[in-house]
Amino acid sequence: MIRRTSPWAWVWLLLGVIYFFVPLYATIQFSLQAKKGVLSLTAYQNVLSSPAFFSSFAFSFQTALITILVSALLIVPTSYWVNLKLPRLRPAIEFLTLLPIVVPAVVLVFALIRTYNRTALTDSRSGTYVLLIGAYVMLSFPYMYRAVDTGLRSINARTLTEAAQSLGASWITVLFRVIFPNVYISLLSGAFITFAIVMGEFTIASLLSQPAFGPYMNQLSSSKVYEPSALAIISFGLTWAAIGLLEVIGRRLPGRVQLVGGR
Amino acid sequence: MAQSVRAETNGLPPVARPAPRLPLTWLGVVPFFLFVAAFLFYPAFSIVLQTFLDPARNFTLQNLSDLNQPIIISSYIYTIELSAVTALIGGLLGFLLAYAITIGALPAWLRSSVLTFSGVASNFAGIPLAFAFIATLGQLGLVTQALRSLGIALYPNFSLYSFWGLAITYVYFQIPLMVLVMTPALDSLRTEWREAAQNLGASSAEYWRYVALPVLLPSILGTMALLFGNAFGAHATAFALTGGGAQGNVVTILIGAQLSSDALSNPGLGNALAFGMIVIMTITIGLYSFMRRIAERWQSS
């Protein structure tokens, strides 16, 4: 049955468009006003030519990649194993991977710092970096697990495993040459959302005193007027790129992943 | 995890294996559980535990009763009000948008645009979001200035750094979340139900009152609980807007301030604050999953 579009639908859409696009428009407009009287890209030039921008961006980029790697190495084998051998554990794993939503980032980092206070994890640069990665991997679990679990359920892991094993493959071969390539696309969708979250994350990075992109953005706002708007646009573009790629990949996916980021 | 199974089994002394089929499969999930224990369970557990311990490690309720001071009580109330208001507004507007792209039958390309944009906007939070609203509704913001040229002075009656300023900013990540969660729920409303109601002579209002809303209510309430938790745990957005002072602020900032400056100069109190948040979040998410389970009865087929 084809229904006509309700006029109210257009009203609500218009309302949404106004609320969501006015701030974006204002930010773009604001970011172009660094030179008095004319529209210019000066704010963007200032941001992009600052070494602090690049070092913090590179830091967060690297952190995001490590987070994704660690998360994938934990999630894929675990959910594969659970799917194959321990289906009873599935609700427990699902619950654990959703816990980071119950424990807000600020509480998580508070607990980590308090608990590991005066140990190697808080006394050294590399120690706090381990805490940072650990916290980010926890944040990535809800997305990574759901993405990988949906992927695994759709490929019939058991048959693939038995086929590979009957051809003489070891567990490691099965995992890295059969399972990983088959959940690659699902994994990517979890990875993009993780990337978007880590790149903009402020709370954990700042409380762990890490030279990340989020704290850098915040710091800039205390000394600059127009540059923060330029940064906001750059950051928004970054999120768009990550989610846009996710959407493109998502069309090839059996199930969709819920998207919620760090606040 | 396959590697560790091998490593662990090889490490065991051979005498410890009486039968060829010792149940060792659980070893495969050990790395994951260890990780969760180290980076979530143990720290969270130790915070809860320490809430009930004094510096000499004796049981105490002092930390909890220390929460009973004006600055903290008002901070909790402020945060709960902020979360409730943004969950309600975000929930309502998000529902209407989800309605527009599902039952409202907007063209398919608009539907997918709204969903994609919601995916982006629900992640566009924290520091950049605060910047965007400063550029919009701050003292020098575009909308503020546009209204001023029309003779409407937003400031000093309104401030982006006040309750309503925070609320209007939070709604930016609340609406998209509502859209993302409610769209599948609205999709699951079957046209047969509407046709059946119409055949029985129900008006559109009656259909909504007696069929659609009762079916959707668990989803709506559950998602609003999720939105509440979403706002309650938010830290970066509020921090960027308010500058992170401990005075008259959201609970998350109070906790953050405990770490960076020990603003309340009492470590036990920080634990109690975090404990309070965990309790509220647990109730909220519990409510969400309870409502979800009810909602799934209608969405399963």
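Residues numbered from 1 in each chain as written. Chains lettered and ligands numbered in written order. Predicted model: local features only at pLDDT ≥ 70, side-chain atom pairs only at ≥ 80, totals over all residues.

J.: Describe the overall build of chain A, listing the residues and the values that go with them.
T.: In terms of regular secondary structure, chain A is built from 12 helices and 0 strands. Summarising its shape, the C-alpha atoms of chain A cover approximately 75 × 65 × 30 Å along the three principal directions. Here chain A holds 263 residues, and 49% of them are scored as buried. (Helix = DSSP H or I, 4+ residues; strand = E, 2+ residues; numbered from the N terminus. Buried ≥ 20, exposed ≤ 12 C-beta atoms within 10 Å, placed from the backbone.)

J.: Can you tell me about the overall build of chain B, naming the residues and giving the values?
T.: The secondary structure content of chain B amounts to 13 helices and 0 strands. Secondary structure elements of chain B, listed N to C terminal, follow the sequence α-α-α-α-α-α-α-α-α-α-α-α-α. A burial count over chain B gives 42% of its 301 residues as buried.

J.: Go over the nonpolar core with me, naming the residues and quoting the values.
T.: In this structure, L108(A), V109(A), A135(A) and L97(B) are the most contacted members of the largest nonpolar core, which totals 160 residues. Split by domain, this core shows at least three residues from each of two domains, domain 1 (2-51) and domain 2 (69-299) of chain B. A135(A) has contacts with L108(A), V109(A), L112(A), I204(A) and F39(B), leaving out every residue within four places of it along the chain. (Core = buried A, V, L, I, M, F, W, Y, C linked by C-beta atoms within 7 Å. Domains from an automatic or database assignment. Contact = placed C-beta atoms within 7 Å.)

J.: Account for the domain arrangement of chain B, naming residues and giving values.
T.: Residues and elements named next belong to chain B. Looking at chain B, the domain boundaries give domain 1 (2-51) and domain 2 (69-299). Counting residues at the interface gives 5 residues for domain 1, matched by 5 residues for domain 2. Class assignment for the residues of the side of domain 1 that touches domain 2 results in 3 nonpolar, 2 polar and no charged. (Nonpolar A, V, L, I, M, F, W, Y, C, P; charged D, E, K, R; others polar.)

J.: Summarise the interface of chain A and chain B; cite the residues concerned and give the values.
T.: Opposite the 74 residues of chain A that make contact, chain B presents 69 residues. Looking at which element gives the most residues to the side of chain A that touches chain B, the answer is helix α1 (residues 7-31) of chain A, with 13 residues. Partitioned by chemical class, the residues of the side of chain A that touches chain B number 49 nonpolar, 19 polar and 6 charged.

J.: Pulling in residues and values, what's your account of helix α4 (residues 90-102) of chain A?
T.: Helix length check: α4(A), at 13 residues, gives a terminal C-alpha distance of 19 Å against a target of 18 Å (1.5 Å per residue), a fit within 8%. Within the sequence span of α4(A), burial applies to I93(A), L96(A), T97(A), P100(A) and V102(A). (Expected span 1.5 Å × (residues − 1).)

J.: Tell me about the packing of α4(A) against helix α7 (residues 125-155) of chain A, residues and numbers included.
T.: All names here are of chain A. Two elements in contact, α4 and α7, have axes separated by 8 Å at closest approach and are oriented at 130°. If you check the angle between α4 and α7, you find them oblique. Regarding α4 and α7, the two cross each other, and that crossing is left-handed. Counted together, T97, L98, P100 and I101 of α4 and M138, L139, F141, P142 and Y145 of α7 form the full contact between these two elements. Partitioned by chemical class, the residues of the contact of α4 with α7 number 8 nonpolar, 1 polar and no charged. (Axes fitted to C-alpha atoms, helices over the stretch in contact; angles between N-to-C directions. Parallel < 35°, antiparallel > 145°, perpendicular 65-115°, else oblique. Left-handed = near helix turned anticlockwise from the far one by under 90°.)

J.: Before we move on, could you go through the confidence of the model for chain B and cite the residues and values that matter?
T.: All names here are of chain B. Per-residue confidence for chain B averages 86 on the pLDDT scale, and 88% of its residues sit at or above 70. Mean pLDDT values for the elements of chain B range from 44 in helix α1 (residues 2-11) up to 94 in helix α4 (residues 70-101). Per the prediction output, this complex has pTM 0.87; the corresponding ipTM is 0.88. (pLDDT = per-residue confidence, 0-100.)

J.: Report on the environment of S83(B), specifying residues and quantitative values.
T.: Residues and elements named next belong to chain B. Within the element layout of this structure, S83 appears in helix α4. Residues S83 and F228, spaced 145 residues apart in sequence, show a C-alpha to C-alpha distance of 4.9 Å. If we skip the residues at most four places from it in the chain, S83 touches F228, A231 and F232.

J.: If you had to explain the packing of helix α3 (residues 51-84) of chain A against helix α9 (residues 171-200) of chain A to someone new, which residues and values would you point to?
T.: Residues and elements named next belong to chain A. At their nearest, the axes of α3 and α9 sit 9 Å apart, and the two run at 140° to each other. Here α3 lies oblique to α9, going by the angle between them. The chirality of how α3 crosses α9 is right-handed. Along the contact surface, α3 presents S60, T63, A64, T67, I68, S71, A72, V76, P77 and Y80, while α9 presents L175, I179, F180, V183, L187, A191, T194, F195, V198 and M199. Considered class by class, the residues forming the contact of α3 with α9 number 15 nonpolar, 5 polar and no charged.

J.: Describe unusual backbone geometry, with residues and values.
T.: Looking along the chain, the bond that leaves Y155(B) and enters P156(B) is cis, with omega of 5°. Tracing the sequence through the fold places P156(B) in the loop between α7 (142-149) and α8 (163-187). We note that N156(A) has phi near 55°; this positive angle belongs to a residue other than glycine. Take N156(A): it is sitting in the loop between α7 and α8 (157-166). For N156(A), a count of 13 C-beta atoms within 10 Å gives the class partly exposed. Even without a glycine there, the phi angle at S209(A) is positive, about 50°. Relative to the helices and strands, S209(A) resides in the loop between α10 (203-207) and α11 (213-223). For S209(A), a count of 12 C-beta atoms within 10 Å translates into the label exposed.

J.: How would you summarise the confidence of the model for chain A if you had to cite specific residues and measurements?
T.: Considering every residue of chain A, the mean pLDDT works out to 88; 94% of them sit at 70 or more. With pLDDT under 50 throughout, residues 255-261 of chain A is counted as low confidence; its partners more than four residues away or in other chains account for 21 contacts.

J.: Break down the environment of D123(A) for me, with residues and values.
T.: All names here are of chain A. Inspection of the secondary structure assignment puts D123 in helix α6 (residues 120-123). For D123, a count of 12 C-beta atoms within 10 Å puts it in the exposed group. For the pair formed by D123 and R146, sequence separation is 23 residues and the distance between their alpha carbons is 35 Å.

J.: Give me the environment of G127(A): which residues, what numbers.
T.: Residues and elements named next belong to chain A. Looking at where G127 falls in the secondary structure, it is placed in helix α7. For the pair formed by G127 and T203, sequence separation is 76 residues and the distance between their alpha carbons is 18 Å. Residues within four places of G127 in sequence aside, it is in contact with A120, L121 and T122.

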